[in-house]
Amino acid sequence: MSENELSKKMLRAVLQSNKNGLSLTRLQAEYKALTGDFIPHKQLGFPSLEGYLCSIPSVVRMEHSRMGEVFCFATVCNETEHIAQLVARQRTSRKTGKSQLVNCQMRVKLATFMPNAKPRSSLRQPEHMGRSSRSLTQLSIGNRGYGAFSHALMRDAQHDAKITTANQNRTPTIQTRKPPTPSEKSDKRITLPTRFQRELQAHLSRNPQQTNANLNESLAPGKTRTTQTSTYNTQLVQNRLKDVLNKYSNGFWVSKLPQLYKELYHQELPSDVIRELEHWTHVCIVEKPCSTNPSELLLYPANDLTPVKTAPVPSKMSPALGKPVSPTKPVSLVSSKSAVAPEIKLKLAELLVKYSHGLWAHALPKLFQDAYKMKFPEHVLNDLSLISDVCTVDYPMPDNTKKAILYARSSEDENQNKVDLKIPRVIETAGQRISSVAVPPLVIPKEEYPSVLVVEASNTSDVILRYIGEGYSQAQEALEDNMREFYNQDNKKPLQSPVPGQLAAVRAEEEEEILRASVSEVMTDRVKVYYVDHGFFEVINKGKLLELDEKFFTLPFQAAKCKLAGLEPFSKEPAVLKQFESIACGKILLAEILEREEVPLVVLYDTSQDDDVNINASCMKALQDRSLENSLQVNSVYMNVAITNVCSDGTIYCQLPSRGQTKLNEILEKTENYFHSRVTSEFLVSKPFCGKCCLSRYKGKWSRVEITNLHGSRVLDIQFVDLGVPASVEVIELREIPPPFLRDLITIPPQAIKCCLADLSISVGSWTPEAVLWLRDTVLNSTDCSMKVSKLDETKGLVNIYLFTSKNFYDTERSINYQIADSDLWKHQKDVFLSSSSVSPMKMSKEQSSPGPKKIMLDARDCSSHTSARLPPQLELPPVGQNMDIYVSVACHPGHFVLQPWQDLYKLVVLMGEMILYYNKMEEKHIPIEKNQIYAAKVENNWQRVLVKGILTNGLVSVYELDYGKHELVSCTKLQPLIEEFRQLPFQGVTAQLAGVKQKQWSEEASIVFRNHVEKKPLVAQIEAIQDGPHPWDRKVVVFLVDTSQQDTDVWVHDIMSEFTEELTKAA
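The sections below set out a description of the structure shown in this document. Please read these numbers as outputs of a predicted model, since none were measured by experiment.

**Brief notes about the state of the cysteines**
Working definition of a disulfide: a covalent bond connecting the sulfur atoms of two cysteines.
Item 1. Applying the stated criterion to the full structure yields zero disulfides.
Item 2. Counting only cysteine sulfurs, Cys654 is the nearest neighbor of Cys755, a cysteine outside any disulfide, at a range of 3.7 Å.
Item 3. Given the relative accessible area of 0%, Cys755 is considered buried.

**Focus: the side chain of Asn817**
Item 1. On the secondary structure map, Asn817 appears in helix α21 (residues 816–821).
Item 2. For Asn817, the side chain forms a polar contact with the main-chain oxygen of Ile801, separated by 3.0 Å.
Item 3. At a separation of 3.1 Å, a polar atom in the side chain of Asn817 contacts the main-chain amide nitrogen of Leu803.
Item 4. The residues contacting Asn817, other than those within four sequence positions of it, are Leu757, Ala758, Leu760, Ile801, Tyr802 and Leu803.

**Topic: the side chain of Asn800**
Item 1. Relative to the helices and strands, Asn800 resides in strand β29 (residues 798–804).
Item 2. Look at Asn800 and you get buried, because its relative accessible area is 17%.

**Here's the deal with the pattern of salt bridges**
One side chain can pair with another of opposite charge once the charged atoms of both are near each other.
Item 1. Inspection of the entire model under this criterion finds 23 salt bridges.
Item 2. One salt bridge connects Glu5 with Lys8, and the closest N-O pair in it is separated by 3.8 Å. One end of the pair, Glu5, and the other, Lys8, are both in helix α1 (residues 3–16), three residues apart, so they sit about a helical turn from each other.
Item 3. Between Glu573 and Arg743 there is a salt bridge, with the nearest N and O atoms lying 2.6 Å from each other. Remark: Arg743 occurs in helix α19 (residues 739–747) and Glu573 occurs in the loop between β17 (559–564) and α16 (574–583); sequence separation between them is 170 residues.
Item 4. Of the residues examined, Arg743 reaches a relative accessible area of 39% and is grouped as partly exposed.

**Digging into the sheet that holds strand β8 (residues 391–394)**
Item 1. Pairing in this open sheet of three strands is antiparallel, and the strands run β7-β9-β8 from one edge to the other. On the outer flanks of this sheet lie β7 (359–360) and β8, each paired with one strand and no other.
Item 2. As paired elements, β7 and strand β9 (residues 405–408) share two bridges and run antiparallel to each other. Opposite Leu359, over in β9, you have Leu406 as the bridge partner.
Item 3. Against the sheet, helix α11 (residues 342–354) contacts β7, β8 and β9, and its axis sits at roughly 95 degrees relative to β9.

**Some remarks on the environment of Pro726**
Item 1. Secondary-structure assignment places Pro726 in strand β26 (residues 725–730).
Item 2. Under the relative-accessibility criterion, Pro726 is labelled buried at 1%.
Item 3. C-alpha of Pro726 to C-alpha of Asn920: the two residues are 194 residues apart in sequence and 9.7 Å apart in space.

**Quick word on the pairing of strand β27 (residues 753–757)**
Item 1. β27 sits mainly inside the fold: four of its five residues count as buried.
Item 2. Where strand β22 (residues 652–655) lies against β27, three bridges are found, and the strand directions are antiparallel. Residue Tyr653 lies in a different strand from β27, and its bridge partner there is Lys754.
Item 3. Note: β27 against β29, three bridges, orientation parallel. Following the sheet pairing, Cys756 is matched in β29 by Asn800.

**Describing the packing of aromatic side chains**
Within a pair of aromatic rings, the relevant descriptors are the distance that separates the centres and the angle that separates the planes.
Item 1. According to the stated counting rule, one finds 23 aromatic pairs in the structure shown.
Item 2. Geometrically, the ring pair formed by Phe486 and Phe552 is edge-to-face, given 5.4 Å between the ring centres and 75 degrees between the ring planes. Of this pair, Phe486 sits in helix α15 (residues 473–487) while Phe552 sits in the loop between β16 (545–546) and β17; the two residues are 66 residues apart in sequence, bridging distant segments of the chain.
Item 3. Note on Phe486: relative accessible area 16%, which makes it buried.
Item 4. On the basis of an interplanar angle of 50 degrees and a centroid distance of 5.2 Å, the ring pair of Tyr531 and Phe536 is categorised as tilted. Residue Tyr531 shares its accessibility class with Phe536, and that shared class is buried.
Item 5. By way of ring pairs, the aromatic residues Tyr674, Phe675, Phe683, Trp702 and Phe741 are connected into one cluster.
Item 6. Positioned over the ring face of Phe537 is Lys528, at 4.9 Å from the centre of the ring.

Rules and cut-offs
Residues numbered from 1 in each chain as written. Predicted model: local features only at pLDDT ≥ 70, side-chain atom pairs only at ≥ 80, totals over all residues. Heavy atoms only, no water. Disulfide = S-S within 2.5 Å. Buried < 20%, exposed > 50% of the residue type's maximum accessible area, 1.4 Å probe, protein only. Helix = DSSP H or I, 4+ residues; strand = E, 2+ residues; numbered from the N terminus. Polar contact = N/O pair within 3.5 Å; in protein donor to acceptor, adjacent residues only side chain to side chain. Contact = heavy atoms within 4.5 Å. Salt bridge = Lys/Arg side-chain N within 4 Å of Asp/Glu carboxyl O. Pairing = 2+ DSSP bridges. Axes fitted to C-alpha atoms, helices over the stretch in contact; angles between N-to-C directions. Phe/Tyr/Trp six-rings, centres within 6.5 Å; stacked < 30°, edge-to-face > 60°. Lys NZ or Arg CZ within 6 Å of the ring centre and 35° of its normal.

What follows is the structure, given as structure tokens:
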């Protein structure tokens, strides 16, 4: 055997035994440990080890991590496939439980942590102050959270799967408990980081949590501020209460009534009113929510205030009406509700179910017309109470009553319960068929992007995978360790007379591993088994079957199934399965879970490369007919070129006459006619995801688009794949591709060709706005251009061309390239820094890219007026000593973190979506920038409200995100004036520090512990102190933080930090 073949054989042996890959350094060490020598790459004629490994792709597959480090993996071939299966069932690293190449942070895709912009329920309130010795402030249930809560808020209490925090193990319940006095306080200690838990476990188990709720006392909301008045004008108070209920028609907590009353009428609410509410049935309905503390009550308008078949009673200033109505003016009893036909309501309910995350009321008429070919009654938009029986209404922008969001009335919680009850029954029944002892069902991880090991797929709707991480692969490791130890202690009882469906322990080929398996088929001397934790079949000798002890039934089967979103119609296509096997099987990927069902609907991503690879989209592209592509050749000339887009980085998109273009136009015309002939809502896109192919209008006609980014649940970025035009749109503007045309449209490759001008001294990404505008004015939308191909850069997918607007393509000196190179359009080039790596497709003018209105041009002379405009109102905080539900967006250390009000976060999501839609239609222009002024800034793919902290000489600006608390560096071209519409919502980011701790300097270890417990999590904050400043962003609060995500445990963060500090002191 030659030295080269011997080296290959040894390399394959080393790599196959390390399923997570090896770095180059470790590969050398492992190779030497096996052979006694280093890899002889120089003897084989290669100056570097990496060069040698690249020359043997049949043995080594090389990948780069996010940090740039090269990792090596064994290439799987037919001869080694069985070894790969064994490696797939091999236990993972005890340190991480996942591949070193998995990028758990993923890319930034969402506008915020919460894409579902719906009102949220309150978090469960803490019971006591932990081990702090400070005197306790009696808490009124009236300050259990912040904001007025609606019935829709109650309804939406179920957990949103997009929140990627450990808090989401259960849905936060709406519950408040009265804190005990210091003498009643429990001695229960706090749950600590893992390395500090052991010595406290026994103590924790001996001190159950005490509950000291005093119903009578807690039913006195506003107790400290209420004037003790026994006589008051009952009629006046009742009329005012009706006004309040009309303003908050979806209901609110009784505990908030004193505060609302004082804000509206500048008077204290008489104390007797709270006790009389239940008797005022003609004014209001008092409800005790289920699954909450009985001391907390909800208040709704009485049924007769908005009867189904009579005209509603308007308030003095009803948000639904949007204009004052005199209370003494006679109200017409001619009901307009009868004009809202049952058919209209039925179709509206259908639309709202389709858009479960809410629908803007102002978008309803056009959407209704498109879906059902009938006009929606316009008068309903002026009085949304007319449709209150089929939807609930929320006003995310309090100062703009015309901006209302409609939600379906059907209870999502009930639907979720039905699903949850159904899944365990199915899985448990399967377990009972296998054995008399049922195995518990596998619970889908709560993370936004759980790591998974893809095993195999017979079709894309039946993909076998394993979840990676704590409670899954790590629990499986522990189980198999216990099984190996158990069966090595003379507990080897052969399984007599195996039958299909029976669970067994199987001795694996390594003779040291014992795995759980299900008997699939029994033959004469052999049996076919399915490894229930690893997801593949194997035929083995009967002698390897052992009885599975009942103590190994506790862990759910780890081999799970999923289906790939968007590939359902092509789940068994050979081209799709071949592509999936080559890019996904045997890899550890990230799974975005769209539907948490028995077989979840997912999108898979490979994040081991510099750019994330959407597995679903890559498999879909395998269906494209390559014969319909534009095959370009160097030095060839092409006529009748249509320039469809000029990007701000200098790249150009164009179309050429081709078979693919002709076929595409024919199918899109048929699709247009098909939509006109159908009266249905089935083609509305209700589950958008990145990589999804669908349709959207461009210049009045339906065109193919791909979703490239999501900003919450209603706003998203798309790319018109046949035009090269990006846009930001609302989800209601998208349509599914009709089934009769789906295959034809999917098989046609994108018709837009990405080009750049050849022989320019200015590279792509360094163009000035003046040069971009000149090129757009010269060639955009021209259909009579010519181009000559200079170079094909396949690595970048870029074609270098000479572009002509005349027939003189034989003379390069008459090309656009020479004209723009000789101009003075680059004179400001040094002042502009547009990195090609950070350029977003949304920079281009929406006069060409947006299917909506024309681009917005802001004159720089008008910008100064925007910088000096009024600031948003200051965020209202509860009084000192009371609770507030919050979300921690940034956590540096206990002395500095940023919190946001939990109940108002959905309003921030709505605002971010509106800013994206507005500013992405603007031309990128220079504006005067002043320090300490607020602007709108584009940070990555989102628009944020920012404060300018500093202006650098290299064209960058230091900004502070006023809603999220982050510091960023952005290009000066990314700033725009913050218009008045986006100054209504108070800045949501509040700087805070942790109360109950004395330390002022925090070590990196302590900071990491703190971040792990609070960052990106919803918590309850108890206000200890408020330090006001001259500006909203200068205000600082001192708070206690409590994690109440566990049903019966309150985790006080200051106790964790105190405990951690004590342990560090002892260790020192």
